[in-house]
Amino acid sequence: METTQTKPVVTAGPKETGKASGAGKPAAARGRRLSVTSLLGNRVAQVLTVEIALIIMFGFLSGGTAFFSDTNVRNMILTAAQVVLLGVAQAILMSAGQIDISQGAVVILSSVFGGKVMIAMSGSAPEAVAITVGLLVCVVTGITVGLINGFLVGRMGINSLVATLGMLSVASGVAAVVTKGTNIFGLPSGLQSGFGFAQIAGIPAPTLLMAVVVGVIWYFYRRTSWGTHVLAVGSNRLAASRVGIPTARKIAGVFVLSAFVCGISGFIDLARYSTTDISGHTNDAMASIAGALIGGTSLTGGGISFVGTIAGSLLAIILQSGLVIINLSPFYQTIAVGVLLIIAVSLDKLRRR
Amino acid sequence: MTEVLLIRDLGKRFGGVTALHNVNLSVGEGEIVSLLGDNGAGKSTLMNVICGAVRADEGSVTVDGEELTSLTDAKRLGVGVVYQDLALAPHLSVTENLFLGNEHTHGWGIRRLNRKRMAKEARDAIEALGISTLRDVRLPVGRLSGGQRQVLAVARAMNWAKRVILLDEPTAALGPKQVGIVLDSIRKAADQGIGVILVSHDIPNVLKLSHRIVILRHGTVIEDVRPDGRTVAEVVTKMVGDE
C-alpha cells in the first residue's frame, strides 16, 4: 500500500499531503528518492520510528514477555481492525475537506439494529442466515446515516462538523431509545466463535476483513478517477465543479463510505464482545481524526496518506496496550496521543516557516 | 463562415439587478471575438452563462445548434474555458489538473487511470505552448508561479476545446514572452476552426488579435464591429460611455 499522493522530487519541504503541509503531493508523482534526509522528514517514517521506540520500550518495561505475548499481540491486531477502518474512512473524508464526528454513534446504532435483528431471527432462521442478515442490517444502517450526512453537507451545504455533530446526537439517541439504554445480549454464539474470535492463518478474521475493506478502498481511490475527484473537491471545490465533477455527489459518496465502514465496525463490535457498547465509542471519531492527522492527512482537504493513517491509528493501540501492561492507567494514552498530535502538527508548521 | 456559437436574446438577473438583457451574439468557426466592457458591464456573467456555469433567465445559448445550459453540456459540446480565477486544484499535479474531469482510463469493468498516457500528453501539451520552465508535470499546481498556472489553465482549455474556447483574462498574470505564447496559441486554435471568445483588458493586443470586438455596457451589447482602424482610445471611450 502506498500514499495516494507522493512528494514531488524537486521539493525539500514538508513531506505530507494537504494544505496544512504545503501544496501536497500529487498522485502522479510516484518516483521517490530514498535518503536519510527524506526519511527523517517523512511523516510515515517518523510515526513508525516512534512506534518502534514505544514497542521496544514497552517490551523492555514489561520484562520482554507480556507485551510480546501472543494474547497481547492478537488483541492489538484485533483492536486495529476497527481503529484502522474508521481512521481510513475519516482520512478520505478529510481529503475531501470534510469531517465526520458521528462515527462512534453510527458504530453503536448499526450494532444495535444489527444485533436486534440477529436476536429476532435466532429462533426462526439458521444461525448463519441470522448473522448474515445482521451484517447487512449493520451496513445498511451505516449507509442510511451516511446518505443523510451526505445530503446535509453535499446538497444543503451545512458544515460537516455541524451536520455530523447533530447526527452524533441523533444516532446515539435513537440507539438509546431502541435499547432503553441497556446493552443487548443473546446474540447467536456463532457470531463470536465463527467470526469475532476466529483466525485465518493466525490472523483474526475481523482484521482480515479490515485489510480487505481498506485494500478495496485504497484501490478505488488510487487507481480510478474517483480518488482524484475527491482530492480535487477537497483542494478547490469550485474548480472541481467547473470541470464537471458532481461535487455534491462526491461529498455525499465519502460520507456514505465513512458510514458504511462504521456499519462494518459495528458488526465487528458485536462479533468481538457478543453485545453492544451503548455507552462506549465516545472517542472513536476523535481517535480516527487524530490517527489521520498524525499520519499526515490534512484536515482541510486536498491530500491523503493511507499508510500514514494506518500508522497513526496503530500508535494509539500500541500506547494503550503498553500502558496497561506496565500498570499505568490507560487514560495516559489519550494524553500521549494528544501530545503526539500537537507535536506532529507543530513540526509541519515549523517546517513551512 | 459557419456559426459555431449562437446567443439569442439572453437575459440574466441576480435578485433585483439585471446583469444581462437582450444579448445577441454569434461566433463563427475559426473566429476570434473579444468581449470588452467596463467593470460590471456583464462580461463575466456572459462568460459564465456561455460555459454553462450560470443558467440564463431568458434566451438561449447554442453550440452547433444544440442548446447549452450546464457545465455538462459545455463539456459534451466541446467548450473549453479559462476562468479568471483559473479554476485549478492546487494540491493536484499539473497532469491531474490538465485532465481533471476528463481522465484517460483503461481496462475492462473498473476503468483504471492511465497515468502514463496522461503524463505524456501533459508534457506534449505544455511543450506545445513552449513553456520551458514547466517541465515536471508531476509538480503540484500550488508550487507553480502565477504565470505557469495561467499557462496550465490555457493548456487545459485548449486540450478540451473542440468547438469553442472561452478565455477570461488569459494573459492577466503573464510576462511579455508568455503573453506572446498564449496569443499564438489562441491564433492556432482559431486556425483549427475553433471559435474563440476572449475577455481581456489588454486592448492593444485585443485589437491586433480579434476578428470582431463586442462592447458590452450595462449588460447589453452596444457595439459589434471589426477592429480594423479602431484606436485604443476610441474603444475605451465606447466601453465607459464617456462620449
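Under an unreviewed UniProt entry, the name given to chain B is Sugar ABC transporter ATP-binding protein, and the organism recorded is Streptomyces scopuliridis RB72.

Asks: Break down the overall build of chain B for me, citing the residues and quoting the values.
Replies: The helix and strand tally for chain B stands at eight helices and 12 strands. Against the compact-globule benchmark of 18 Å for 243 residues, chain B has a radius of gyration of 18 Å, which places it among compact chains. For the C-alpha atoms alone, the extent of chain B along its principal axes is close to 55 × 40 × 35 Å. A buried classification covers 56% of the 243 residues belonging to chain B. Considering only contacts within chain B whose residues lie at least 6 apart along the sequence, 64% involve residues at least 24 apart.

Asks: Before we move on, could you go through the sheet that holds strand β6 (residues 79–82) of chain B and cite the residues and values that matter?
Replies: Residue and element names in this part refer to chain B. Taken in spatial order, the six strands of this open sheet run β6-β9-β10-β3-β11-β12, and their pairing is mixed. Where the open sheet ends on each side, the last strands, each with one partner, are β6 and β12 (220–225). Taking the axes of each pair of neighbouring strands and ignoring which way they run, one obtains an average angle of 20° across the sheet. Looking at chain direction, strand β3 (residues 32–37) and strand β10 (residues 195–199) are connected through four bridges and run parallel. Across the sheet, Ile32 pairs through a bridge with Val196, a residue of β10. Strands in contact with helix α8 (residues 232–240) are β3, β11 (212–217) and β12; relative to β11, the strand with the most contacts, it is inclined by about 30°.

Asks: Before we move on, can you summarise a nonpolar patch on the surface with the specific residues and values?
Replies: Residues and elements named next belong to chain A. Residues Leu328, Tyr332, Ile335, Val339, Ile343, Leu347 and Leu350 make up a contiguous nonpolar surface patch of roughly 640 Å² in combined accessible area. Position of Tyr332 among the secondary structure elements: in helix α14 (residues 331–352). For Tyr332, a relative accessible area of 43% translates into the label partly exposed.

Asks: Kindly report on the sheet that holds strand β1 (residues 3–14) of chain B, identifying the contributing residues and their values.
Replies: Residue and element names in this part refer to chain B. One open sheet holds the four strands; their spatial order is β2-β1-β4-β5, and the pairing between them is antiparallel. Lying at the two open borders of the sheet, with one neighbouring strand each, are β2 (17–28) and β5 (66–67). In this sheet, β2 lies alongside β1 in antiparallel orientation, the contact comprising eight bridges. Bridge pairing links Ile7 to Leu25 in β2.

Asks: How would you explain empty space enclosed by the protein if you had to name every residue and give the values?
Replies: Across all of its chains, the model carries three cavities of 30 Å³ or more by this definition. Estimates place the volume of the largest cavity at around 140 Å³. For the largest cavity, the lining is made up of 14 residues, of which Arg242 and Val243 of chain A together with Val79, Val81 and Trp160 of chain B are closest to its centre. Elements with a contribution of two residues or more to the lining of the largest cavity: α2 (71–76), β6 and α5 (146–160) of chain B. Among the residues making up the lining of the largest cavity, the classes are represented as nine nonpolar, two polar and three charged. There is about 50 Å³ of room inside the second largest cavity. Lining the second largest cavity are Pro170, Thr171, Leu183, Leu198, Ser200, Asp202, Asn205, Val206 and Leu209 of chain B. With three residues, helix α7 (residues 203–209) of chain B is the single largest residue contributor to the lining of the second largest cavity. Split into classes, the residues belonging to the lining of the second largest cavity amount to five nonpolar, three polar and one charged.

Asks: Outline the layout of surface pockets, supporting the account with residue identities and numerical values.
Replies: Residues and elements named next belong to chain A. Here the largest pocket is characterised by a volume of approximately 1,100 Å³. Val83, Asn283, Asp284, Gln320 and Gln333 are the residues nearest the centre of the largest pocket, which is lined by 39 residues in total. Those elements that place two or more of their residues in the lining of the largest pocket are α3 (70–95), α11 (247–273), α12 (284–294), α13 (306–325) and α14. Residues that form the lining of the largest pocket fall into these classes: 17 nonpolar, 18 polar and four charged.

Asks: Account for unusual backbone geometry, naming residues and giving values.
Replies: Residue and element names in this part refer to chain B. Even without a glycine there, the phi angle at Asp9 is positive, about 50°. Considering the arrangement of structural elements, one finds Asp9 in strand β1. A relative accessible area of 41% places Asp9 in the partly exposed class. Despite not being glycine, Leu86 shows a phi value in the positive range, around 75°. Topologically, Leu86 is positioned in the loop between β6 and α3 (94–98).

Asks: Give a detailed account of the pattern of salt bridges, specifying residues and quantitative values.
Replies: Residue and element names in this part refer to chain B. Applying the stated criterion to the full structure yields 17 salt bridges over all chains. The closest approach of N and O atoms between Glu31 and Arg212, which form a salt bridge, is 3.0 Å. With Glu31 in the loop between β2 and β3 and Arg212 in strand β11, the pair connects residues that are 181 residues apart, well separated along the chain. Both residues of the pair, Glu31 and Arg212, belong to the buried class.

Asks: Can you tell me about the confidence of the model for chain A, naming the residues and giving the values?
Replies: All names here are of chain A. On average, chain A scores 86 in pLDDT, and the residues at 70 or more come to 87%. Confidence over residues 1–25 falls short of pLDDT 50; this stretch has 125 contacts with residues more than four positions distant or in other chains. Overall, residues 27–32 carries pLDDT values under 50, and its contacts beyond four positions in sequence, including any with other chains, amount to 27 contacts.

Asks: Hey, could you go over the pairing of strand β4 (residues 58–63) of chain B for me, with residue numbers and the actual values?
Replies: Residue and element names in this part refer to chain B. For β1 and β4, the ladder comprises five bridges, and the chain directions are antiparallel. Directly across from Arg8, in β4, lies its bridge partner Ser60. Sheet topology places β4 next to β5; two bridges connect them, and they run antiparallel. Considered in β5, the bridge of Val63 is made with Glu66.

Asks: Quick rundown of the nonpolar core? Include the residues and the values.
Replies: Residues Leu85, Ile92, Leu191, Ile217 and Phe306 of chain A are the most contacted members of the largest nonpolar core, which totals 87 residues. Look past the residues within four positions of Leu85 of chain A in its chain and what remains in contact with it is Ala80, Met210, Val213, Val214, Val261, Ile264 and Ile268 of chain A. Within the second largest apolar cluster, 49 residues are counted, among which are Ala122, Leu129, Ala161 and Leu174 of chain B.

Asks: Kindly report on the packing of aromatic side chains, identifying the contributing residues and their values.
Replies: For the coordinates displayed, the defined rule picks out six aromatic pairs over all chains. For the ring pair Phe67 of chain A and Phe68 of chain A, a centre distance of 5.5 Å and an interplane angle of 85° mean the geometry is edge-to-face. Judged by relative accessible area, which is 1%, Phe67 of chain A ranks as buried. Ring geometry for Tyr219 of chain A and Phe220 of chain A: centres 5.9 Å apart, planes at 85°, overall edge-to-face. Judged by relative accessible area, Tyr219 of chain A falls into the partly exposed class, the value being 28%. The structure contains a cluster of three or more aromatic residues connected by ring pairs, namely Phe58, Phe67 and Phe68 of chain A. The positively charged end of Arg242 of chain A is found above the aromatic ring belonging to Tyr83 of chain B, 4.0 Å away from the centroid.

Reading the values: rules and limits
- Residues numbered from 1 in each chain as written.
- Chains lettered and ligands numbered in written order.
- Predicted model: local features only at pLDDT ≥ 70, side-chain atom pairs only at ≥ 80, totals over all residues.
- Heavy atoms only, no water.
- Helix = DSSP H or I, 4+ residues; strand = E, 2+ residues; numbered from the N terminus.
- Rg over C-alpha atoms; globule rule 2.2 N^0.38 Å.
- Buried < 20%, exposed > 50% of the residue type's maximum accessible area, 1.4 Å probe, protein only.
- Contact = heavy atoms within 4.5 Å.
- Pairing = 2+ DSSP bridges.
- Axes fitted to C-alpha atoms, helices over the stretch in contact; angles between N-to-C directions.
- Patch = residues over 30% accessible without salt bridge, like charges linked within 9 Å, V, L, I, M, F, W, Y side chains within 5 Å.
- Areas by Shrake-Rupley, 256 points an atom, 1.4 Å probe, with all protein chains shown as cover.
- Salt bridge = Lys/Arg side-chain N within 4 Å of Asp/Glu carboxyl O.
- 1 Å grid on protein atoms, 1.4 Å probe; cavity = no way out; pocket = protein on both sides within 12 Å on 5 of 7 lines; lining within 4 Å.
- Points joined across faces, edges and corners; volume = space filled by probe spheres on them.
- Nonpolar A, V, L, I, M, F, W, Y, C, P; charged D, E, K, R; others polar.
- pLDDT = per-residue confidence, 0-100.
- Core = buried A, V, L, I, M, F, W, Y, C linked by side-chain atoms within 4.5 Å.
- Phe/Tyr/Trp six-rings, centres within 6.5 Å; stacked < 30°, edge-to-face > 60°.
- Lys NZ or Arg CZ within 6 Å of the ring centre and 35° of its normal.

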